[in-house]
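This is what each chain is made of:
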Amino acid sequence: MGLLLWYLTGQVARYALLYLGTEISHGDHREVRLVLTMLIFTVIVALQMVVTVGMLHTLRGALAEIRARRAEGGGDERFLVALDRVAPAFAVIYLTWGFFSEDARDFVALDEMHRLGEPFDAYFQGRESTAGRGLLDLDVRVSLGVMIVAWVVRLIFSRRYDNGDGSFSGSVAAFAELAFAFFGLNATLTIASERSDWMYHRSAVAGTRDMIAQAEEKIPGWQAFWGFVGEVWPYIVDAMVLPLTWLAVGILVFGADISDTRAAIRGTRMERVAGRLDQTHNLTRQAITKITGGLQDRWIPIAHALRLTVRGGAPLFGMFCLCYVGLRFVVDHGVRGLQHLIGATEQYFWQVLAWPVFLLAELIITVLTMCLLAATFDIASTRARALGLDRGEAAGDQRSNTNTS
């Protein structure tokens, strides 16, 4: 029940924010409106983070690992504490994999649907249509100004989060990072559209194109190899990379100790390298950290989360990825089958049912995916706990035998 409430509440809030953003983006004082529109879009993406963390946090009580922690005197953690820990890593994941593109498409589609006649009115009035352009028309100078403000806020609260200061430092830093990325993307697209032809003919770009063309001609199998990689890579991402990425988010929600940087590389060669870097390049490392706001450290929890789950074994990972992909495959084909049963002659009837059907399909996929993430974490962490106990018992038996002899 908690999962359903989180999901449905998130959908209602998301649609309300989308509608608010499309309405605000049109009217007088357009630049101010566009800044507010971009901030609302940032809130929409942050809302996805809150809903995801909330759904996973709801499942904590059903996990054997959490019950074991509670028996040891720990394991109880407030939702806001988990959200503050997950927020920086979630922002990096959401931006790196471009998950916000779906939110942007929904924003543009809703804006264009509400203003179907606006392009015709703009054409006859001799002006440019603004329908569907609420995320694109912001002046590049305004975008750069907001980027600077967002970068400063991110820098301040990232340092506070790293030092353990403030209850919501991680969440504020994550929001500032999202705003910095979206305003920066707007400025980049604006500059790129105005300078694409100039950039295409620069000597460095032209030289790179020539090198690639010569490699394709002279290296046997070059074009075939990269063609094969281009065909296979999207399937690898969908079947393995994205499931494991979301699994890392789940582990960040469930595990309170996985932000330890040293624990992520303990027992590997990287630990020795890191020790030498701390001694010889401490000043350089601190300077880079101050400039980037600790961005590189936010990948450490993800790496550590995956390393902890590796202890569950390859069969667990394989079954998890198979279930993750198979779930969407079954639900998507179920929706297509329903559409086929309705038939092409009842398209108007399907248009009425399409939105509820797609909402139900996404509800099923999201709820079952969250349960899958929780179950995978629970199995892996329970096995890791059992292996740790086995090692401890073995060490105790060895010490007992030594004392007896």
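**Student:** Give a description of helix α7 (residues 140–162) that names residues and reports values.
**Tutor:** In this model, α7 (23 residues) spans 32 Å end to end at C-alpha, consistent with the 33 Å of a helix rising 1.5 Å per residue. Burial in α7 covers these residues: Ser 143, Met 147, Ala 150, Arg 154 and Ser 158. The N-cap residue of α7 is Asp 139: its side-chain oxygen and the backbone nitrogen of Arg 141 are 2.9 Å apart. Count one or two residues on from α7 and you reach Gly 164, which has phi positive near 75 degrees.

**Student:** Tell me what's going on with the packing of aromatic side chains, and back it up with residues and numbers.
**Tutor:** Across all of its chains, the model carries 9 aromatic pairs by this definition. Ring centres of Phe 90 and Tyr 94 lie 5.4 Å apart, and the angle between their planes is 20 degrees; this geometry places the pair in the stacked category. Here Tyr 94 and Phe 90 lie together in helix α4 (residues 79–96), a separation of 4 residues that amounts to about one turn. Its relative accessible area of 3% is what places Phe 90 among the buried residues. Among the residues examined, Tyr 94 registers a relative accessible area of 5% and is labelled buried.

**Student:** Provide a residue-level description of the packing of helix α1 (residues 2–24) against helix α2 (residues 30–58), including the pertinent values.
**Tutor:** It is at 9 Å that the axes of α1 and α2 come closest, and there the two elements cross at 175 degrees. When the axes of α1 and α2 are compared, the pair comes out roughly antiparallel.

**Student:** Describe the pattern of salt bridges, listing the residues and the values that go with them.
**Tutor:** All told, the structure shown has 7 salt bridges when counted by the stated rule. A salt bridge links Arg 14 to Asp 106, with the nearest nitrogen and oxygen atoms 2.6 Å apart. With a gap of 92 residues between them, Arg 14 in helix α1 and Asp 106 in helix α5 (residues 100–114) connect regions that are remote in the sequence.

**Student:** Lay out the layout of surface pockets with the relevant residues and their values.
**Tutor:** Empty space within the largest pocket amounts to approximately 1800 Å³. Residue lining of the largest pocket: 46 residues in total, with Arg 14, Glu 102, Asp 106, Arg 328 and Glu 362 positioned closest to the centre. Of all the elements in the fold, those that place two or more residues in the lining of the largest pocket are α1, α2, α5, α10 (222–254), α15 (314–342) and α16 (347–404).

**Student:** I'd like a description of the packing of α2 against α4, backed by residues and values.
**Tutor:** Two elements in contact, α2 and α4, have axes whose closest approach is 10 Å; the angle formed by their N-to-C orientations is 130 degrees. Taken together, the axes of α2 and α4 are oblique relative to one another. Viewed along their axes, α2 and α4 form a crossing whose handedness is right-handed. Between α2 and α4, the residues in contact are Val 45, Gln 48, Met 49, Val 50, Thr 52, Val 53, Gly 54 and His 57 and Phe 79, Ala 82, Leu 83, Val 86, Ala 87, Phe 90 and Tyr 94, respectively. Classifying every residue of the contact of α2 with α4 gives 11 nonpolar, 4 polar and no charged.

**Student:** Break down unusual backbone geometry for me, with residues and values.
**Tutor:** We note that His 29 has phi near 55 degrees; this positive angle belongs to a residue other than glycine. In this structure, His 29 sits in the loop between α1 and α2. Its relative accessible area of 69% is what places His 29 among the exposed residues.

**Student:** Which residues make up the confidence of the model for the protein, and what values do they have?
**Tutor:** With 69% of its residues at a pLDDT of 70 or more, the protein has an overall mean of 75. The least confident element of the protein is helix α13 (residues 282–292), whose mean pLDDT is 39; the most confident is α1, at 93. Scored below 50 in pLDDT, residues 273–298 makes 28 contacts in the model with residues more than four places away or belonging to other chains. Low confidence marks residues 391–402, where pLDDT is under 50. Its contacts with residues over four positions away, or in another chain, come to 0 contacts.

**Student:** How would you summarise the nonpolar core if you had to cite specific residues and measurements?
**Tutor:** Counting residues in each nonpolar core, the largest one holds 65 residues, and the members touching the most others are Trp 246 and Phe 320. No other element matches the 14 residues that α2 contributes to this core. In contact with Trp 246, other than residues within four places in its own chain, are Thr 52, Phe 90, Tyr 94, Phe 99, Tyr 324 and Leu 373. Listed in part, the 9 residues of the second largest apolar core include Val 331, Val 335, Trp 350 and Ile 365.

**Student:** So what about α5? Which residues, and what values?
**Tutor:** With 15 residues, α5 should cover 21 Å at 1.5 Å per step; its first-to-last C-alpha distance of 21 Å lies within 8% of that length. Listed in full, the buried residues belonging to α5 are Phe 100, Asp 103, Phe 107, Leu 110 and Asp 111. Each buried residue of α5 sits inside an arc of 100 degrees when the element is viewed along its axis, so together they form one side. Set apart from the buried face of α5 by more than 90 degrees, the exposed residues are Arg 105 and Met 113.

**Student:** Could you give an account of the UniProt feature "transmembrane region" (unreviewed entry) in the protein, with specific residues and numbers?
**Tutor:** Within this numbering scheme, the UniProt entry marks residues 34–59, 79–100, 140–157, 169–192, 232–256, 308–329 and 349–375 as carrying the feature "transmembrane region" (unreviewed entry). Taken end to end, residues 34–59 is 96% helix and 0% strand, and its two terminal C-alpha atoms sit 38 Å from one another. Spanning residues 349–375, this segment combines 100% helix with 0% strand, and its end C-alpha atoms are found 39 Å apart.

The rules behind each value
Residues numbered from 1 in each chain as written. Predicted model: local features only at pLDDT ≥ 70, side-chain atom pairs only at ≥ 80, totals over all residues. Heavy atoms only, no water. Helix = DSSP H or I, 4+ residues; strand = E, 2+ residues; numbered from the N terminus. Expected span 1.5 Å × (residues − 1). Buried < 20%, exposed > 50% of the residue type's maximum accessible area, 1.4 Å probe, protein only. Polar contact = N/O pair within 3.5 Å; in protein donor to acceptor, adjacent residues only side chain to side chain. Phe/Tyr/Trp six-rings, centres within 6.5 Å; stacked < 30°, edge-to-face > 60°. Axes fitted to C-alpha atoms, helices over the stretch in contact; angles between N-to-C directions. Parallel < 35°, antiparallel > 145°, perpendicular 65-115°, else oblique. Salt bridge = Lys/Arg side-chain N within 4 Å of Asp/Glu carboxyl O. 1 Å grid on protein atoms, 1.4 Å probe; cavity = no way out; pocket = protein on both sides within 12 Å on 5 of 7 lines; lining within 4 Å. Points joined across faces, edges and corners; volume = space filled by probe spheres on them. Left-handed = near helix turned anticlockwise from the far one by under 90°. Contact = heavy atoms within 4.5 Å. Nonpolar A, V, L, I, M, F, W, Y, C, P; charged D, E, K, R; others polar. pLDDT = per-residue confidence, 0-100. Core = buried A, V, L, I, M, F, W, Y, C linked by side-chain atoms within 4.5 Å. Arc of directions from axis to C-beta. UniProt positions renumbered as here; feature names shortened; annotations may be inferred.

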